[in-house]
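Examination of the molecular architecture
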Amino acid sequence: MSGFDEFLITASRACCTPLAIFIQIQGCLICLVLALGWALASYVRNREIKIMRRKMKEGNSLAFLSHDINDLEHSKQANLPRVTVVMPLKGFGEHNLHNWRSQITSLYGGPIEFFFVVDSVEDPAYCAVNSLISDFKDEIDAKVIVAGPSTTCSQKIHNQLVGVEKMHKDSKYVLFLDDDVRLHPGSIGALTVEMEKRPEIFIQTGYPLDLPSGTLGSYCIYEYHMPCSMGFATGGQTFFLWGGCMMMHADDFRNDNYGVVSGLKDGGYSDDMTLAAIAGAHKKLITSPPVAVFPHPLASDLTFSRYWNYLRKQTFVLESYTTKVNWIMNRALFTVHCYLSWGFVAPFFMSSIHIAAAFCNYSNGKSPEITSCGDTYCHVG
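Residues numbered from 1 in each chain as written. Predicted model: local features only at pLDDT ≥ 70, side-chain atom pairs only at ≥ 80, totals over all residues. Heavy atoms only, no water.

**Quick word on the environment of isoleucine 23**
Using the following cut-off: In this text, helices come from DSSP runs of H or I with a minimum length of four residues, and strands from runs of E with a minimum of two, each type numbered from the N-terminal end. Pairs of residues are marked as contacts when any of their non-hydrogen atoms sit within 4.5 Å.
Structurally, isoleucine 23 can be placed in helix H2 (residues 18-57). C-alpha separation for the pair isoleucine 23 and glycine 343, spaced 320 residues apart in sequence, amounts to 6.7 Å. Not counting the four nearest positions on each side in its chain, isoleucine 23 is found in contact with Gly343, Ala346, Pro347 and Met350.

Below, the structure written as structure tokens:
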């Protein structure tokens with residue numbers, strides 16, 4: 001028997017200790033929780049789809065926009081509140097143009113304005129957005145705003161706040177969208193209707209459904225987002241917030257209610273983490289409606305190194321906080337995420353060792369079924 005074979009047998013026996021067995025059982029439980037979470041998310045989505053199909057059979061061919069076709073009458077659409085959509089931009093990616101087009105071609109029936117905000121005219125997004133807006137010159141109310149460089153917070157937050165400062169005085173809601181959000185034609189209307197039904201909502205959010213491009217990096221980001229998405233995908237109240245889609249009351253920014261403007265402007269790095277902390281501190285409601293799911297095509301040149309850089313930035317986000325309680329929660333979130341991630345992965349490594357040890361035994365002409373583990377026996381295959 002070679003030294004490598006002996007190492008595999010020893011490692012396989014080490015994976016039969018009570019601690020190792022506990023780790024493997026724990027991994028099974030984590031898998032079960034993930035499966036239940038995804039099953040619940042699937043149930044919520046399927047329930048919405050069944051409602052739409054039922055309404056279509058009843059004669060509402062526009063059920064994808066509204067379950068009640070009477071809500072699409074001109075008299076009701078004309079009374080919808082004004083919405084300002086603010087889109088902070090940085091650079092010009094592979095899918096950005098398609099995403100921006102989906103955002104400004106909304107079928108929202110009320111007054112709406114779109115602000116694309118860049119830090120300077122040298123940003124590649126500046127010319128691309130201007131060209132897009134010129135294609136819809138007389139059809140939409142959209143403009144590009146140059147915000148200038150930020151000095152007290154992240155550039156994204158600075159762009160958002162400059163966009164808010166320019167919004168119409170009659171705007172009732174403000175919707176923040178990232179440049180990687182691809183909207184459904186009825187998304188803005190669905191978010192607004194929910195805000196109208198429940199004025200107590202502080203922030204309404206959604207989540208991206210990643211579409212991997214086939215590269216290793218894209219699948220890594222897809223895998224990273226899938227467990228996180230369960231906090232949004234089940235619909236209703238949530239403690240999580242995705243900065244790619246946030247609808248809020250415009251007056252909260254005009255009046256700096258709960259310190260939303262000062263909290264973001266004075267040292268804010270992550271918009272969603274800062275606003276989630278403010279919502280938690282003031283016991284404000286965050287919701288994620290079942291229809292707030294946005295296709296998110298991942299770039300075809302997304303390499304593993306770019307994924308690793310993304311993961312580092314996500315970790316750094318947890319270092320930004322507004323209060324001591326927020327800092328403790330961020331640390332706890334980071335610790336739990338790391339523990340559960342390794343608790344999920346470790347059993348696969350252990351199983352690989354068992355399989356490799358059984359294969360080595362088999363290739364050496366020995367029985368692959370069992371191997372001695374001290375006073376007990378355990379399977380290695």
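**Details of the pattern of salt bridges**
Put simply, the test is: By definition, a salt bridge exists where a carboxyl oxygen of Asp or Glu is found within 4 Å of a side-chain nitrogen of Lys or Arg. Three exposure classes are used, based on accessible area relative to the maximum for each residue type with a 1.4 Å probe and protein chains only: buried under 20%, partly exposed in between, and exposed over 50%.
The tally for this structure, following the rule as stated, stands at 9 salt bridges. One salt bridge in this structure joins aspartate 271 and lysine 156, with 3.1 Å as the shortest N-O distance. Of this pair, aspartate 271 sits in helix H11 (residues 271-281) while lysine 156 sits in helix H6 (residues 155-165), placing them 115 residues apart in sequence. Its salt-bridge partner being arginine 254, residue aspartate 251 comes within 2.8 Å of it at the nearest N-O pair. Here arginine 254 and aspartate 251 lie together in helix H9 (residues 250-254), a separation of 3 residues that amounts to about one turn. For aspartate 251, a relative accessible area of 41% gives the class partly exposed. Classification of arginine 254 as partly exposed rests on a relative accessible area of 35%. Put simply, Lys156, Asp178 and Asp271 are held in one network by salt bridges that share partners.

**Looking at the nonpolar core**
Within soluble globular proteins, side chains that are nonpolar generally end up buried alongside one another. Formally: Definition of nonpolar core: a set of buried residues of the types Ala, Val, Leu, Ile, Met, Phe, Trp, Tyr and Cys, connected through side-chain atoms within 4.5 Å.
One finds Val83, Val85, Phe114, Phe116, Leu175 and Ile188 to be the most contacted residues of the largest nonpolar core, which totals 40 residues. The leading source of residues in this core is helix H5 (residues 124-135), at 5 residues. Those residues in contact with phenylalanine 116 that lie beyond four places of it in its chain are Met87, Leu89, Trp100, Ile104, Val129, Ile133, Ala142, Lys143, Val144 and Ile145. Counting residues in each nonpolar core, the second largest holds 28 residues, with Cys153, Phe202, Val260 and Leu275 among its members.

**Topic: the sheet that holds strand E9 (residues 285-288)**
Note the following rule: DSSP calls a pair of strands paired once it identifies at least 2 bridges connecting them. Helix axes use the C-alpha atoms of the stretch in contact, all axes being lines fitted to C-alpha atoms, and the angles between their N-to-C directions lie in the range 0 to 180 degrees.
With respect to topology, 8 strands assemble into an open sheet ordered E3-E2-E1-E4-E8-E5-E9-E7, the strand pairing being mixed. Strands with a single pairing partner mark the edges of an open sheet, and in this sheet they are strand E3 (142-146) and strand E7 (236-237). As paired strands, strand E5 (residues 201-205) and E9 are joined by 3 bridges and run parallel to one another. Residue pairing across strands places isoleucine 201 opposite leucine 285, the latter belonging to E9. Most of the contacts of helix H7 (residues 187-197) go to strand E8 (residues 245-249), to which it runs at about 40°, and overall it touches strand E1 (83-88), strand E2 (112-118), strand E4 (173-177), E5 and E8.

Keep in mind these values describe shape, not function.
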